[in-house]
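A closer look at the structure
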Amino acid sequence: MAAVKRKLIEVALPLEAINRESAREKSIRHGHPSTLHLWWARRPLAACRAVLFASLVNDPSSLPEEFPTEELQEKERQRLFRIIEDLVKWENSNNEEVLDRARKEILKSTDGNPPPVLDPFCGGGSIPLEAQRLGLEAHGSDLNPVAVLITKALIEIPPKFADLPPVNPEAKKKLTHSAKWKGAQGLADDVRYYGKWMRDQAEKRIGHLYPKVKLEDGREATVIAWLWARTVKCPNPACGIDAPLIRSFALSAKPGREASVRAVAQGHELRYEVVATVPSREGTVRRSGAECLACGTSIPLEYIRSQGKAKRIRVRMIGIVAEGESGREYLPPSADQETTAESIVAPSFPTTFLPDEALGFRVQGYGIEQHRELFSARQLLAINTLSDLLVETRQRIVDDVISLGEATSDREKESQNYADAVLTYLAFAVDKVAEGSTTLCTWSPLPTKLHVVSTFGRQVLPMIWDFAEANIFANSSGNFERMTSLVSEVIAASPLRVTPGQVEQRDAASLTPSRLSLISTDPPYYDNIAYAELSDFFYVWLRRGLSSIYPSLFSTLLTPKTQELIASPFRFDGSRVAAKNFFEDGLEQAFRSAAAIASVEYPVSIYYSFKQSEDDDQGAVSSTGWETMLSALIRAGFAINGTWPVRAERAGGFRNKDRNSLASTIVLICRQRNPSARIATRREFINALKDELPAALVALQHGNIAPVDLAQVAIGPGMAVFSRYAKVIEADGEPMRVRSALQLINQALDEVLSEQESEYDADTQWAVAWFDQFGTSEAAFGDAETL
């Protein structure tokens, strides 16, 4: 049997280019899959594309007959690097010349028969999508039905309707039979058209509930957002007003256009004005509670919670943002606007309940118990109206398809299949409106924003005190037409030349593909994200609109949770130990399942993001999630041969300030451990580290690894030593824990670096590393902390 060839990803990567393009994706909106539908912790496309390519392409060192010297090997490696550097650029996503070069290299390294790619935790679909883009057979699975549907929309639906023209009447009037539609552009055009029809129908039915406002000069203007504050009765008996709970009074911090809300006491009530200045005071809410604006009485947080649970928290309009001829106009609330809002009777749907407790959920402590209580009456009515219109839209699409040709049973079936596809994307647009239309949305006064910020700025549901209600018919954030436009742009940007993909709802611990596959996946992150509970927010609306199209996906009232792999103590009566054991055992079983179907010809790649730090009982800094991931992999029979940090997110950014946020994404490169691997002693392990780590570190440094990434990359060769043994035995006869191995690897790394820079003190070593990475430029504090 021929020896397995080492792949490029097991030796070297152009990490700087991959990280640069991965970070750049954060600012790309139009056409990027992240704008199709929200999914939490979605992996950058650039990284997925590079990892898949490098996992399939041979490293030159595995081809000594072609590249007999190190110089020739390095020259060939640099050629492959240049392909990756072009491949990861966003603008080359559908560049067939660039993609063809990559596909040819893959075919050359796989003898013309590349393996199918499987992602058993497909989530937002990035890995299967990029596999498909590279010409590979793409498979995905996930337990979560929302994740399955997102991935279906990315890799299953577009190929079914590739190169077909749109069916809508508007397109038929404009186009000749000779017009060419590439990829899913025709499908995208229909989503845009029927989305516009839905929007117009919704406005006819409920547009009167979105009245315009009068400006000071008498002109009318469309409202962009109504601004509301929650209120509680002041506990001071001598006061007793409805005290507003306001995070910030700022409306606009734009230079020359500053605006803020000002509250004026008027008897036993407050009247709200808008003034053209920055706020004269901070908000009324603090961590410990609030302050009554009228009498200054402190309002404890426990009092606010008790009022919420008793359903006594109310809301009060405090301002209006409108579309002016020269920009935003800020107005005080008016009686007619308040009356309109108060007159709306909220529909009864949805009737589903939020979890009693879940990771990242805070709203239940304030009396918000059902999904419907996350919305105002007008918001609920709008989303229900759009959901109801999906049924009418489907029939309209069916009729338009049938009108294109002779009415036959086959034509009827084709029309229904196509209508189901368009409806899937329109349901996503409804979901996007729902995300931007809750009482957890906020108004951003920042000069570059000045819009409504949607619900999930982070993967949590925190309590929001003053919220912004977007107008879904306005020309601003949160409007339905913009949502359908964003969705249609993603469809239009689908890969042009693909093989059909397949996605199914399945537990990762029970994989049964018929062929050995290349496994690349992004498992859950220990206790960081409550995927199922969060996705229920979208599931209830998708189920309402799409359950007849995808009955098996929407067979349950809410998303499945019992088998979901997260370390949530709330599911184990508050026991962190039980949650950890459940997660580690489940992850090990998933990895064993993956090992059974992974082709031995190719390394398995696993993405893992972990928190910046956790303190253990002894006060040492560690990461339980990281240790758990490595332990599960090793127990499942894998050896870890490499670790590559993908830094698409900055640990020191403003959004992560004062938070124990995800610091990096590490791509673990694994092979199945030799079944005859021997047992080693602690001393043998340490000696092997001292022998092998210096040369590995020099090779990494020669590969232009940034100093800020070096410690994380060095875990790879260190864990390669540890995980190649069946087990490492401590002096007391017990197997060494992964945490202990990581500590020894870090010690060995420190020794190597100290030898390299022994003439420098620690501060100087840091300064040298900083200069190597950034020169004299400013950079994020998170990078400084990591160094």
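See the structure printed just above.
**Here's the deal with the packing of aromatic side chains**
As enumerated under the stated definition, the model contains 22 aromatic pairs in all. With a centroid separation of 5.0 Å and an interplanar angle of 85°, the aromatic rings of Phe537 and Phe538 are classed as edge-to-face. When sorted by exposure, Phe537 lands in the same class as Phe538, which is buried. Measuring from ring centre to ring centre gives 5.2 Å for Tyr539 and Phe554, while their planes differ by 45°; the resulting arrangement is tilted. Placement of the pair is Tyr539 in helix H14 (residues 531–546) and Phe554 in the loop between H14 and helix H15 (576–597), with a sequence separation of 15 residues. Overall, the relative accessible area of 3% leaves Phe554 in the buried class. Cluster of aromatic residues (ring-pair linked, three or more members): Trp39, Trp40, Phe349, Phe375, Phe456, Tyr531, Phe537, Phe538 and Trp541. The ring of Trp226 has Arg378 lying over it, and the distance from NZ or CZ to the ring centre is 3.8 Å.

**Describing empty space enclosed by the protein**
Summed over the entire model, instances satisfying the criterion amount to 5 cavities of 30 Å³ or more. In this structure, the largest cavity is lined by 30 residues; those nearest its centre are Phe121, Gly123, Asp142, Asp522 and Pro524. Counting residues per element, the ones that place at least two in the lining of the largest cavity are helix H5 (126–133) and H14. The residue makeup of the lining of the largest cavity, split by class, is 16 nonpolar, 6 polar and 8 charged.

**A look at helix H16 (residues 624–635)**
Counted at 1.5 Å a residue, the expected span for H16 with its 12 residues is 16 Å, and the 16 Å between its end C-alpha atoms agrees. With respect to burial, H16 is a largely interior element, 11 of its 12 residues being buried. The set of residues buried in H16 consists of Thr624, Gly625, Trp626, Glu627, Thr628, Met629, Leu630, Ser631, Ala632, Leu633 and Ile634. Immediately beyond the C-terminal end of H16, within one or two residues, lies Gly637, with a positive phi of roughly 100°.

**Here's the deal with the pairing of strand E8 (residues 259–266)**
Pairing of strand E7 (residues 250–252) with E8, which is carried by 2 bridges, proceeds in the antiparallel orientation. Residue pairing for E8: Ala250 is matched across the bridge by Ser260. Bridging between E8 and strand E9 (residues 269–275) involves 7 bridges; their strand directions are antiparallel. Opposite Ala263, over in E9, you have Tyr272 as the bridge partner.

**Quick word on the side chain of Gln307**
Here Gln307 is to be found in helix H9 (residues 301–309). The class of Gln307 is buried, set by a relative accessible area of 9%. Once residues within four sequence positions are removed from consideration, Gln307 is found in contact with Val232, Arg312 and Ile313.

**Describing the pattern of salt bridges**
Pairing is possible between side chains that carry opposite charge, provided their charged atoms lie close to one another. Tallied over the full model, the rule gives 56 salt bridges. A salt bridge links Arg101 to Asp86, with the nearest nitrogen and oxygen atoms 2.9 Å apart. Taken as a pair, Arg101 in helix H4 (residues 96–109) and Asp86 in helix H3 (residues 70–87) lie far apart in primary sequence, 15 residues in all. Residue classification places Asp86 among the partly exposed residues on the basis of a relative accessible area of 24%. Two residues, Glu588 and Arg592, come together in a salt bridge whose shortest N-O distance is 2.8 Å. With a gap of 4 residues between them, Glu588 and Arg592 both fall in helix H15, about one helical turn apart. Exposure remark for Glu588: the relative accessible area of 13% places this residue in the buried category. Exposure remark for Arg592: the relative accessible area of 37% places this residue in the partly exposed category. The network of salt bridges with shared partners includes Lys580, Glu584, Asp585, Glu588, Arg592 and Arg635.

**Remarks on the environment of Val315**
Position of Val315 among the secondary structure elements: in strand E13 (residues 314–324). Setting aside residues up to four positions removed in sequence, Val315 forms contacts with Trp228, Ala229, Arg230, Thr231 and Phe467.

**So, H5**
Most of H5 is tucked away: 8 of the 8 residues are buried. Where H5 is concerned, the buried positions are Ser126, Ile127, Pro128, Leu129, Glu130, Ala131, Gln132 and Arg133. In the segment just after H5, Gly135 is the residue with positive phi, at about 85°.

**A look at the sheet that holds strand E10 (residues 285–286)**
One open sheet holds the 3 strands; their spatial order is E10-E11-E12, and the pairing between them is antiparallel. Where the open sheet ends on each side, the last strands, each with one partner, are E10 and strand E12 (298–300). Here strand E11 (residues 289–291) runs beside E12; their pairing, made up of 3 bridges, is antiparallel. Paired with Glu291 across the two strands is Ser298, which belongs to E12. Across the sheet, H9 lies against E11 and E12, angled at about 60° from E12, the strand it touches most.

So, how was this worked out
- Here the residue numbers are simple positions, counted from 1 along each chain's written sequence.
- Where local features are concerned, this predicted model is filtered to residues with pLDDT of at least 70; where side-chain atom pairs are given and counted, the filter is 80 or more; whole-chain, interface and lining totals use all residues.
- Remark: hydrogens and water are excluded; side-chain values derive from all non-hydrogen atoms of the structure.
- Pairing of aromatic side chains here covers Phe, Tyr and the six-membered ring of Trp, requires ring centres within 6.5 Å, and sorts the geometry by plane angle: under 30 degrees stacked, over 60 edge-to-face, intermediate tilted.
- We call a residue buried when its accessible area falls under 20% of the maximum for its residue type, exposed when it is over 50%, and partly exposed in between, using a 1.4 Å probe and counting protein chains only.
- To qualify as a helix, a DSSP run of H or I must reach at least 4 residues; to qualify as a strand, a run of E must reach at least 2; elements of each kind are numbered from the N terminus.
- Only Lys NZ and Arg CZ are tested; either one counts as a charge over a ring when it is within 6 Å of the ring centre and within 35 degrees of the ring normal.
- Grid points spaced at 1 Å and placed over the protein atoms alone form the basis of the search, with a cavity being a set where a 1.4 Å probe fits but cannot get out and a pocket an open set showing protein on both sides within 12 Å along at least five of seven lines. Lining residues have an atom within 4 Å of a point.
- Grid points are joined across faces, edges and corners, and a volume is the space filled by probe spheres set on the points.
- Gly is placed with the polar residues, together with every amino acid not listed as nonpolar (Ala, Val, Leu, Ile, Met, Phe, Trp, Tyr, Cys and Pro) or charged (Asp, Glu, Lys and Arg).
- Multiplying 1.5 Å by the residue count of a helix minus one yields the expected span of that helix.
- Any two strands between which DSSP finds at least two bridges are classified as paired.
- We call two residues in contact when some of their heavy atoms are within 4.5 Å.
- A side-chain nitrogen of Lys or Arg and a carboxyl oxygen of Asp or Glu constitute a salt bridge if their distance falls within 4 Å.
- Every axis corresponds to a line fitted to the C-alpha atoms, with the helix fit spanning only the stretch in contact, and the corresponding angles, defined between N-to-C directions, vary from 0 to 180 degrees.

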